[in-house]
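# What the coordinates show
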Amino acid sequence: MWALSDALGNAYAKGDSTRKGESKLGTERLKYLDELVEEVAIDDLGRYDPLSTGERLYIALAANRADLLKRDGFTIIQAVDRLGEDWMACLLDRWKVLT
């Protein structure tokens, strides 16, 4: 079964160990959030709710969960704006392989 981690692994396989914005945000933090993206994608929200707003927005966008954005009071455009350049650069670089 194909998983989000397969796609993320493919992104890492590019050989670029420091991707856009990653050094500012922290590699370990992003890896942790990327693990949560997989959980949220299968509707496991146990570790999602206690996160900061920015972390929840990153995860909801990466997991393609517009319903969670709406639940938190954000449209997609508002979420992108709230995340800012560095977070969006990481999100796009890490998850664009899914499209």
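Located above this text is the structure these notes cover.
Being a predicted model, the structure only gives us computed values, none of them experimental.

Time to look at the packing of helix H4 (residues 53–62) against helix H6 (residues 76–95). Closest axis-to-axis distance for the H4/H6 pair is 9 Å, and the angle between their directions is 65 degrees. Along this stretch, H4 crosses H6, giving a crossing that reads as right-handed. For the pair H4 and H6, the contacting residues are Thr53, Gly54, Leu57, Tyr58, Leu61 and Ala62 in the first and Ile76, Ala79, Val80, Arg82, Leu83, Trp87, Met88, Leu91, Arg94 and Trp95 in the second. Looking at the contact of H4 with H6 residue by residue, the class counts come to 12 nonpolar, 2 polar and 2 charged.

Our focus in this paragraph is helix H3 (residues 27–41). In this model, H3 (15 residues) spans 21 Å end to end at C-alpha, consistent with the 21 Å of a helix rising 1.5 Å per residue. Those residues of H3 that sit buried are Leu30, Leu33, Asp34, Leu36, Val37, Glu39 and Val40. The positive-phi residue at the C-terminal boundary of H3 is Asp43, with phi of around 70 degrees.

Calculation criteria
Residue indices begin from 1 for each chain and proceed along its sequence in written order. In keeping with the predicted nature of the model, local features appear solely for residues at pLDDT of at least 70, side-chain atom pairs appear and are counted solely at 80 or more, and the whole-chain, interface and lining totals rest on all residues. Calculated side-chain values reflect all of the structure's heavy atoms, with hydrogen atoms and water omitted. Axis definition: a line fitted to C-alpha atoms, limited for helices to the stretch in contact. Angles are taken between N-to-C directions and run from 0 to 180 degrees. Strands here are runs of E lasting at least two residues and helices are runs of H or I lasting at least four, both read from the DSSP assignment and numbered beginning at the N terminus. Whether a crossing is left-handed or right-handed is set by the direction in which the near helix is turned from the far one by less than a right angle, anticlockwise for left-handed and clockwise for right-handed. Residue contacts are counted whenever heavy atoms from the two residues lie within 4.5 Å of one another. Ten residue types, Ala, Val, Leu, Ile, Met, Phe, Trp, Tyr, Cys and Pro, are classed as nonpolar, four, Asp, Glu, Lys and Arg, as charged, and the remainder, Gly among them, as polar. Multiplying one less than the number of residues by 1.5 Å gives the expected span of a helix. Residue exposure (1.4 Å probe, protein chains only): buried if accessible area is under 20% of the type maximum, exposed if over 50%, otherwise partly exposed.

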